Amino acid sequence: MSDGPYSVAVLIGSLRRDSLNRKMARALEGLAPSSLRLAEVPIGGLPLYNQDLEGATPAWVEFRDRIRAADAVLFVSPEYNRSIPGGLKNAIDVGSRPSGQSAFKGKPAAVISVSPGAIGGFHDHWITLFTTPASRRSHSGNRSPIWLGAAHSVGHAPMSICPLSM
Ligand SMILES: Cc1cc2nc3c(=O)[nH]c(=O)nc-3n(C[C@H](O)[C@H](O)[C@H](O)COP(=O)(O)O)c2cc1C
């Protein structure tokens, strides 16, 4: 853990300018107490992961360093076609490599998913993606969605705070 405020790397799954999820992330940044610093780590400019380009892609190195420097990770993302958006998946793939050197490993993480839909973001893909079978079991009592009002939309937060396994 860092000496200063507890730092949280915020990964926003939507790339669009007026993203509801980005608004949610900005609101949380504004609400955070001085002991907590939330800062977006941009993912939109990350080249698509290609193992052949390991060692030759500075943007990946910078991204991994920023994740490593954080105490925790907060994913704020819409659901796309009952899964996570491709850009966010790419960021996760980049951060999780090279094998055995994942920048995410062991960091506490949480997910907030804002959607205009009534059940958007509700699905278990977040949990299955981010946790080990063991932590899925140990956090099974904490997987109920939390409803968050956000303008006209309804957000669901499967707020399992759990160490990342990837
Ligand atoms: C490619 C695509 C797929 C989508 N799939 C889903 C979905 O599976 N579930 C859902 O609730 N909303 C889905 N939506 C609607 C998004 O929840 C909605 O557009 C939301 O506002 C996107 O988040 P943003 O405002 O942060 O960009 C989809 C939107 C797009 C563009």
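Residues numbered from 1 in each chain as written. Predicted model: local features only at pLDDT ≥ 70, side-chain atom pairs only at ≥ 80, totals over all residues.

A. Region of interest: the overall build of the protein. Helix and strand content of the protein: five helices and seven strands. Each helix (α) and strand (β) of the protein, taken in turn from the N terminus, gives the series β-α-β-α-β-α-β-α-α-β-β-β. For the protein, buried positions account for 31% of its 166 residues. Expressed as a percentage of contacts within the protein between residues at least 6 apart in sequence, the contacts between residues at least 24 apart total 75%. (Helix = DSSP H or I, 4+ residues; strand = E, 2+ residues; numbered from the N terminus. Buried ≥ 20, exposed ≤ 12 C-beta atoms within 10 Å, placed from the backbone. Contact = placed C-beta atoms within 7 Å.)

B. Layout of the environment of A70. Locating A70 in the fold gives a position in the loop between α2 (58-69) and β3 (72-76). The exposure class assigned to A70 is buried, which follows from the 22 C-beta atoms found within 10 Å. Counting along the chain gives 60 residues from A70 to V10, while the straight-line C-alpha distance between them is 9.5 Å. Beyond its immediate sequence surroundings of up to four residues, A70 is in contact with S7, V8 and A9.

C. How the structure looks around helix α3 (residues 86-95). Within the span of α3, buried status applies to G87, L88, A91, I92, V94 and G95. Projection of α3 onto a plane perpendicular to its axis shows the buried side chains occupying an angular sector of 160 degrees, all on one side. For α3, the elements touching its buried residues are β1 (6-12) and α2. (Arc of directions from axis to C-beta.)

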